[in-house]
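Listed below are the residues making up each chain.
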Amino acid sequence: MSIIELQQLTKTYGSARGIKNLSFRVEEGEIFGFIGPNGAGKSTTIRTLLGLIYPTSGSAKIFGKDILLHGQEIKKEIGYLPSEVFYYDNMKVKDLLHYSASFYKKDCTKRMNELAALLELDVNKKIDDLSLGNKKKVGIVQGLLHEPRLIILDEPTSGLDPLMQQRFFELLLEENKKGSTILFSSHILSEVQRLCHRVAIIKEGELVSLEKMSTLKANNYKRFKLEASTAVEESSFAIEGVTELVIRDKEVSFMYKGNLNAILRVIASIEIANLWIEEPDLEEIFMHYYEKEA
Amino acid sequence: MNIFWREMKAQRKSLIIWCVGMVFLLIAGMSKYATLSVPGESQTLNELMADMPKSLQAIFGVGSLDLSTVSGYYGVLFLYIAMMATIHAGMLGATIIAKEERDKTAEFLLVKPITRSMMLTSKLAAALVGVVILNGVTSIGSLMAVQSYSNGENVNQDIMLLMGGLFILQLLFMLLGSAVASLLKLPKRAAGLTSGLLLLTFFISVVIDISGNLDALKFLTPFKYFDAKTVLEAGSLSMGYMLLSLALMVLALVGTYVGYNKRDLKV
């Protein structure tokens, strides 16, 4: 069953911001990455799904239920961590966590304490006195303490130190193993790369690509770098699939997508001194999507 | 219920301050009466006031109230009491709704399994309790402060009547505040706008007093609905204005719920 289903979801603001005809599904048990630069519409999409703002047109379902008609029911099983964490001043961490838990009709105390201990969060401090990273931890705990079926994270790692990030990712993987579906929005690609099964790439409010992480990484692009013994003609690389070709003296670098035999034949015809073939990281693939359009 | 209790806790400190301020106003205001009520002096005061230009009388809220009686004097003080209580109510009504967006906690609260209407109901209930408490403190404070200067004059009924009018005014401005916060997407300015609206209506009521022939405009300003002078003379609250107040409250309540449910939250 699809946990999240967007159909032509559109939200326009007065200005150009917003999302246009966004359609995709997030399946049960997935960790779904949602990537794009700042201002691409990631937060707008999430806030629409959560009913904080209303769609201009199109519709969306969560757990098979319409977000506008069954918002309250849906939210019983959603845990959400907003990108910026602001909480009531003058409240202690534990007061806020108990307040958060009080909205769910089950006892969350045990899980709350587990999570706080895991993230080394001091629950007796005032939220006002916390650093950004510690506030983020409060956000994580309040988002997970009711063991939601769907976890929605909007830029969740900002402010967390690498150790905590690691622990947080482990926590997410654990929740995922227990059956939670995760929607993970980010502009930091390496973290999406580490966690997600599938990714949707969004740009200026539109879906650019939706692919399995494995496809995105393995099948498509390779980065080639070679050093030739003699000067290289640019025309030798004029075959389909070569992009971002840069030739500087005897050094050649490019991205390649397509049949590897074809490109290796081209390389074989050149007298080379050195050769690197690398798996591009998501960042490069991602930049590629953006440059192509520009 | 959890939102209700959270709001009760959140307003506790400021409510105490408002109550203390109100008691101070009552004590300070009535103690002036003590110096004025010395036999012989009070008549002079009435004469002094009568000699003042009409505009000045209007601003002091004196009008034709008899300052030599404790209920007449209290009637003048009532204007300031009403001013204070309605500012509290208006700001409370506006802030209690707007603060979730202002402090960006809406993204915390409204992703919980509640509807926006449930949130509004809890918050308005908490604001209502705040308003009732301030009205209660004002009533008890007034009864006690006035009693000590009454010299046998029976004033309790007059005071309770004015407190009834005050309660309607408080409710009206509280709901006006919540409607402003709900209809407009201006969480940082909701309380300011409500106070502005309140001062505007107060100003209208002063203008009506000064001009003396703008009575037709009285419906524009709630401060004229339960004017101390009229209420004390009639011995009852005007039924017409009560109905008008009720209609305005219903309107503001509908505006609050419809406005807040329909619009995008500022996040």
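Calculation notes
- Residues numbered from 1 in each chain as written.
- Chains lettered and ligands numbered in written order.
- Predicted model: local features only at pLDDT ≥ 70, side-chain atom pairs only at ≥ 80, totals over all residues.
- Heavy atoms only, no water.
- Helix = DSSP H or I, 4+ residues; strand = E, 2+ residues; numbered from the N terminus.
- Rg over C-alpha atoms; globule rule 2.2 N^0.38 Å.
- Contact = heavy atoms within 4.5 Å.
- Areas by Shrake-Rupley, 256 points an atom, 1.4 Å probe, with all protein chains shown as cover.
- Lys, Arg positive; Asp, Glu negative; His and termini not counted.
- Charge placed at Lys NZ, Arg CZ, Asp CG, Glu CD.
- Salt bridge = Lys/Arg side-chain N within 4 Å of Asp/Glu carboxyl O.
- Buried < 20%, exposed > 50% of the residue type's maximum accessible area, 1.4 Å probe, protein only.
- Buried area = accessible area lost by both parts, 1.4 Å probe.
- UniProt positions renumbered as here; feature names shortened; annotations may be inferred.
- Polar contact = N/O pair within 3.5 Å; in protein donor to acceptor, adjacent residues only side chain to side chain.
- Patch = residues over 30% accessible without salt bridge, like charges linked within 9 Å, V, L, I, M, F, W, Y side chains within 5 Å.
- Pairing = 2+ DSSP bridges.
- Axes fitted to C-alpha atoms, helices over the stretch in contact; angles between N-to-C directions.

This part is about the overall build of chain B. Along the backbone of chain B there are 10 helices and 0 strands. Relative to the compact-globule value of 18 Å for 267 residues, chain B shows a C-alpha radius of gyration of 20 Å, a close match. Overall, the C-alpha framework of chain B stretches about 70 × 35 × 30 Å when taken along its three principal axes. Considering only contacts in chain B between residues 6 or more positions apart, those separated by 24 or more positions represent 75%. Of the roughly 12000 Å² of accessible surface on chain B, a fraction of 70% belongs to carbon and sulfur atoms. On chain B, the mean spot of the 21 positive side-chain charges and the mean spot of the 16 negative ones are 17 Å from each other.

All names here are of chain B. Taken as a whole and judged by the stated rule, the model has 21 salt bridges over all chains. Between Glu7 and Lys99 there is a salt bridge, and its shortest N-O distance comes to 2.6 Å. Placement of Glu7 in helix 1 (residues 2-36) and of Lys99 in helix 4 (residues 70-102) is noted, with a sequence separation of 92 residues between them. Overall, Glu7 belongs to the buried group, its relative accessible area being 3%. For Lys99, a relative accessible area of 15% puts it in the buried group. Residue Asp209 pairs with Lys224 through a salt bridge whose shortest N-O separation is 2.8 Å. Linking Asp209 in helix 8 (residues 190-211) with Lys224 in the loop between helix 8 and helix 9 (228-234), this pair joins segments that are 15 residues apart in sequence.

Taken together, the 23 residues of chain A in the interface contact 25 residues of chain B. Summed over both partners, the interface of chain A with chain B comes to about 2400 Å²; 58% of that surface belongs to carbon and sulfur atoms. It is Leu52(A), Tyr88(A) and Phe103(A) in chain A that bury the most area against chain B; as a group they hold 29% of the surface buried on that side. Across the chain A-chain B interface, the total number found is 2 salt bridges.

All names here are of chain B. Those places that UniProt annotates as "transmembrane region" (unreviewed entry) correspond, in this numbering, to residues 15-34, 73-98, 124-147, 159-184, 196-220 and 240-260. What you have in residues 15-34 is 100% helix and 0% strand, and the ends, taken at the C-alpha atoms, are 29 Å apart. Helix makes up 64% of residues 196-220 and strand 0%, with an end-to-end C-alpha separation of 15 Å.

Another aspect to go through is the side chain of Ser178(B). Residues and elements named next belong to chain B. Relative to the helices and strands, Ser178 is located in helix 7 (residues 156-183). For Ser178, a relative accessible area of 0% puts it in the buried group. Of note is the side chain of Ser178, whose polar atom sits 2.9 Å from the backbone oxygen of Leu175. Filtering out sequence-adjacent residues up to four positions away, Ser178 remains in contact with Gly93, Ala94, Ile97, Leu124 and Thr256.

Once that is clear, we can look at a nonpolar patch on the surface. Residue and element names in this part refer to chain B. Side chains of Met239, Leu243, Leu246, Val250, Val254 and Val258 sit close together on the surface and give an oily, nonpolar patch of about 560 Å² of accessible area. Locating Val250 in the fold gives a position in helix 10 (residues 239-262). With a relative accessible area of 45%, Val250 lands in the partly exposed category.

All names here are of chain A. Taken in spatial order, the 4 strands line up as 12-13-11-14 in an open sheet, and their pairing is antiparallel. Looking at the sheet topology across the chains shown, the edges are occupied by strand 12 (242-248) and strand 14 (272-278). Taking each pair of neighbouring strands and ignoring which way they run, the sheet shows an average axis angle of 10°. Pairing analysis gives 6 bridges linking strand 11 (residues 222-228) to strand 14, with the strands arranged antiparallel. Directly across from Phe224, in strand 14, lies its bridge partner Ile277.

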